[in-house]
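Examining the three-dimensional arrangement
Each chain is listed here by its residues.
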Amino acid sequence: MIRFFIFIAPVIFSLLHAEELKVISDSFKADQQKGVSVFTGNVKVTKGADELNASKVTIYTDKANKPTKYFAEGDVSFYILTELGEKYKGKSQTAIYLPNESEYQFFKKVDLIRIDDYRRVKGDKVVVNTVHGHASAESDNNEPVVMTFTLEDKKSKPKSPAK
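Okay, so let's go over this structure.

Thresholds applied
- Residues numbered from 1 in each chain as written.
- Predicted model: local features only at pLDDT ≥ 70, side-chain atom pairs only at ≥ 80, totals over all residues.
- Heavy atoms only, no water.
- Helix = DSSP H or I, 4+ residues; strand = E, 2+ residues; numbered from the N terminus.
- Buried < 20%, exposed > 50% of the residue type's maximum accessible area, 1.4 Å probe, protein only.
- Contact = heavy atoms within 4.5 Å.
- Areas by Shrake-Rupley, 256 points an atom, 1.4 Å probe, with all protein chains shown as cover.
- Phe/Tyr/Trp six-rings, centres within 6.5 Å; stacked < 30°, edge-to-face > 60°.
- Lys NZ or Arg CZ within 6 Å of the ring centre and 35° of its normal.
- Core = buried A, V, L, I, M, F, W, Y, C linked by side-chain atoms within 4.5 Å.
- Salt bridge = Lys/Arg side-chain N within 4 Å of Asp/Glu carboxyl O.
- 1 Å grid on protein atoms, 1.4 Å probe; cavity = no way out; pocket = protein on both sides within 12 Å on 5 of 7 lines; lining within 4 Å.
- Points joined across faces, edges and corners; volume = space filled by probe spheres on them.
- Nonpolar A, V, L, I, M, F, W, Y, C, P; charged D, E, K, R; others polar.

Considerations on the overall build of the protein
Secondary structure summary: the protein contains 1 helix and 11 strands in total. Listing the helices and strands of the protein from first to last along the sequence gives β-α-β-β-β-β-β-β-β-β-β-β. Out of the 163 residues belonging to the protein, those deemed buried represent 36%. The contacts of the protein with a sequence gap of at least 6 include a subset with a gap of at least 24, amounting to 36%. By element, 52% of the accessible surface of the protein is carried by carbon and sulfur atoms, the whole surface being about 10,500 Å².

Observations regarding the packing of aromatic side chains
A complete count under the given rule lists 5 aromatic pairs for this structure. For the pair Phe78 and Phe106, a centre-to-centre distance of 4.0 Å together with 15 degrees between the ring planes defines the contact as stacked. Taken as a pair, Phe78 in strand β6 (residues 67-81) and Phe106 in strand β8 (residues 103-114) lie far apart in primary sequence, 28 residues in all. A residue is classified by how much of its surface remains accessible, and Phe106, at 0% relative accessible area, is buried. On the basis of an interplanar angle of 5 degrees and a centroid distance of 5.8 Å, the ring pair of Tyr104 and Phe106 is categorised as stacked. Feature note: the residues Tyr70, Phe78, Tyr97, Tyr104 and Phe106 constitute an aromatic cluster, connected by ring pairs. Its guanidinium or amino end placed over the ring of Tyr60, Lys69 lies 5.6 Å from that ring's centre, counting from NZ or CZ.

A few points about the nonpolar core
Core analysis: the biggest nonpolar cluster contains 24 residues, and Phe106 and Leu112 have the highest contact counts within it. Secondary-structure elements contributing two or more residues to this core are β2 (21-25), β4 (36-47), β5 (50-61), β6, β7 (87-98), β8 and β9 (119-129). For Phe106, the residues in contact, after removing those within four places along its chain, are Phe78, Ile80, Ser92, Thr94, Ala95, Leu112, Asp124, Lys125 and Val126.

Things to note about the pattern of salt bridges
Under the counting rule described, the total for this entry stands at 6 salt bridges. Here Asp117 makes a salt bridge to Arg119, at a shortest N to O gap of 3.0 Å. The exposure class assigned to Asp117 is partly exposed, which follows from its relative accessible area of 26%. In this structure Arg119 comes out as partly exposed when scored by relative accessible area, which is 35%. One network of salt bridges, with partners in common, ties together Glu86, Arg114, Asp117 and Arg119.

What about the side chain of Thr58?
Relative to the elements of secondary structure, Thr58 occurs in strand β5. With near-sequence residues (within four places) excluded, Thr58 lies in contact with Val36, Ser37, Val38, Lys69, Tyr70 and Phe71.

A word on the layout of surface pockets
Roughly 390 Å³ of internal volume is contained in the largest pocket. Lining the largest pocket we find 23 residues, and of these Glu19, Lys47, Asp50, Tyr97 and Tyr104 sit closest to its centre. Those elements that place two or more of their residues in the lining of the largest pocket are β4, β5 and β6. Looking at the lining of the largest pocket element by element, the count peaks at 5 residues for β6. Here the residues of the lining of the largest pocket sort into 12 nonpolar, 6 polar and 5 charged.

Next comes the structure, spelled out in structure tokens:
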């Protein structure tokens, strides 16, 4: 199937920090009056260093054609570089990005890894704010949230000889 390279100037180029948003997908439909653009099939969204991949991505815009919400669904994978310089990668079944809040929300079978220090969170809902560095996680059905840390092995100091 032919892939479309979509550049929607009035809708997509008016993003924060004047970074280019690039969306590649198998198909595309938009309703400018409603402010909704739907990309389906092998969707890849890139903006700066950030990348979002999914089966379907819907982008909602305000009256000024500025994106207000991204909704990704179906085998979502992502790479995020926060304003604090933290790098995350992971996967989930659905994801929401709210650019006005600089917040990512991941749902269903979330596996999020902070690459810098290999902190890993698994749960059913994980929220990351890319400006403030706040994060939270929850799980459904009384399942635990699993968090894994990599700890440095500090060598013990030698004991001083007995006098």
